[in-house]
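Examination of the molecular architecture
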Amino acid sequence: MKEVKAYGTNAVSAPLHELTITRRTLRPHDIEFEVLYCGICHSDLHRLKGEFGEPFFPLVPGHEILGRITALGEEVRDFKIGELVGVGCIVDSCGHCDSCHEGLEQFCEEGVTFSFNSLDKVSGGHTFGGFSKSYVCEDRYVLHMPSFDNLPMAAPLLCAGITVYSPLRHWQAGPGKKVGILGIGGLGHLAVRIAKAMGAEVTVFTTSPSKVADAARLGADHAVLSSDEAAMKALRGKLDFILDTVSAGHDVDRYLGLLRHDGSLVVVGLPSEPLSVAAYSIVRGRRSLSGSNIGGIAETQEMLDFCYQHGIVAEGEVLPISQVNEALDRLERGDIRYRFVLDVTEL
Ligand code: NAP
Ligand code: ZN
């Protein structure tokens, strides 16, 4: 066991402070890496506010974890000391259920272990995230990071990137498809870039006037302020697919109506309150309302390679980890274009 510095908290909605956690002694297939950068996802904020249920304490968030390998277990073959690696949301799964066999570890039938605040079935206790000096993870959940020019802004690909890439692939966003992206935050702005790189025609729906102005720069073909009734009406029945990344309660019916027949609206945002849907919104046009949760490990590697090939990283601000509370406050107020990444090297 190794004592490691981290930022965490012992109460719901309380500021984070420096504390000490322990990382396990390396097992034969474990990789230890020094954390360089860690993105801040709205899921970290939901968890800190107790919106996903009562957390385990101490709570150390962070699941867009990018670092450099410092030690390897004796059975690790595919990684080298000094290599850049990433860990996203998943750090363990059963490995033998149908979902795991299909590379869908996120749906593991025995329950997936997440990289932070998740019960650790092997070691006991709970997992501590990437707001920490180092991380230890079994090799099959560790991603090879391509050498992105803007390395800090590649960290958000590890959760935000795969969460939008996976449904865009599954529902076949590509040439000839009209795709809507709802909510332009950390997930949404990456969804615009990835859907464009896949060849889709992209329309952005936002509640923020300044993001309408910024949408073309992000690569979107069209942008709609969701309060603009005329623009919303003009798009009725026009889209093939909508990816809903909104983090708070909102009117899904309003967007279902924009789908053509057999179109799908896929929810990835996790508002704490239930979404309601009028039957008529899906009955009419045989539309689907569906959901998606991150992505499997092989698909996450595929996404990293795709983003590297297309020059896609997140856009945002890098702050030292000592300013984590300021970053969380600003994320809650929507005061970030578009993702915070913590520089953990000072810890
Ligand atoms: P974020 O950066 O805060 O972006 C969320 C966006 O939602 C905001 O930028 C805003 O976009 C829109 N929004 C916020 N409040 C709204 C409201 N009251 N009404 C309408 N729109 C509102 O968050 P994120 O990190 O992208 O995460 C988005 C959601 O996805 C969170 O709930 C997070 O927990 C969830 N998530 C899910 C998965 C998964 O696997 N399913 C993975 C990661 C994250 P505009 O300004 O453009 O309106
Ligand atoms: Zn996340």
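Preceding block: the structure.
Residues numbered from 1 in each chain as written. Chains lettered and ligands numbered in written order. Predicted model: local features only at pLDDT ≥ 70, side-chain atom pairs only at ≥ 80, totals over all residues. Heavy atoms only, no water.

Closest axis-to-axis distance for the helix α3 (residues 160-170)/helix α9 (residues 297-309) pair is 10 Å, and the angle between their directions is 95°. Looking at the two axes, α3 sits roughly perpendicular to α9. Contacts between α3 and α9 involve Gly161, Ile162, Tyr165, Ser166 and Arg169 from the first element and Glu299, Thr300, Glu302, Met303 and Phe306 from the second. When grouped by side-chain class, the residues that make up the contact of α3 with α9 number four nonpolar, three polar and three charged. (Axes fitted to C-alpha atoms, helices over the stretch in contact; angles between N-to-C directions. Helix = DSSP H or I, 4+ residues; strand = E, 2+ residues; numbered from the N terminus. Parallel < 35°, antiparallel > 145°, perpendicular 65-115°, else oblique. Contact = heavy atoms within 4.5 Å. Nonpolar A, V, L, I, M, F, W, Y, C, P; charged D, E, K, R; others polar.)

Another aspect to go through is the pairing of strand β13 (residues 239-244). With six of its six residues buried, β13 lies for the most part within the structure. As defined by bridge partners, β13 adjoins strand β14 (residues 259-267) across five bridges and the pair is classed as parallel. Paired with Leu239 across the strands is Leu259, a residue of β14. (Buried < 20%, exposed > 50% of the residue type's maximum accessible area, 1.4 Å probe, protein only. Pairing = 2+ DSSP bridges.)

What follows deals with the nonpolar core. If you look at the biggest cluster of nonpolar residues, it comprises 99 residues, and the most contacted ones within it are Ile40, Leu66, Phe131, Leu168, Ile194 and Leu243. Two domains each put at least three residues into this core: domain 1 (2-157 + 315-343) and domain 2 (160-291). (Core = buried A, V, L, I, M, F, W, Y, C linked by side-chain atoms within 4.5 Å. Domains from an automatic or database assignment.)

Here we take up the coordination of the zinc ion (ligand 2). Distances from the zinc ion (ligand 2) to its protein donors, Cys41 (SG), His63 (NE2) and Cys159 (SG), fall within 2.0 to 2.3 Å. The sequence pattern describing where the donors of the zinc ion (ligand 2) fall on their chain is C-x21-H-x95-C. Here the residue His63 occupies a position in the loop between α1 (42-48) and β4 (65-72), and Cys159 occupies one in the loop between β9 (143-144) and α3, the gap between them amounting to 96 residues. (Donors = N, O, S within 2.8 Å, 3.2 Å for Na, K, Ca; no water.)

A separate point is helix α4 (residues 186-198). Counted at 1.5 Å a residue, the expected span for α4 with its 13 residues is 18 Å, and the 19 Å between its end C-alpha atoms agrees. Counting buried positions along α4 gives eleven out of 13 residues, so the element sits mostly inside the fold. All of the buried residues along α4 are Gly186, Leu187, Gly188, His189, Leu190, Ala191, Val192, Arg193, Ile194, Ala195 and Met198. Just downstream of α4 lies Gly199, where phi reads positive at about 105°. (Expected span 1.5 Å × (residues − 1).)

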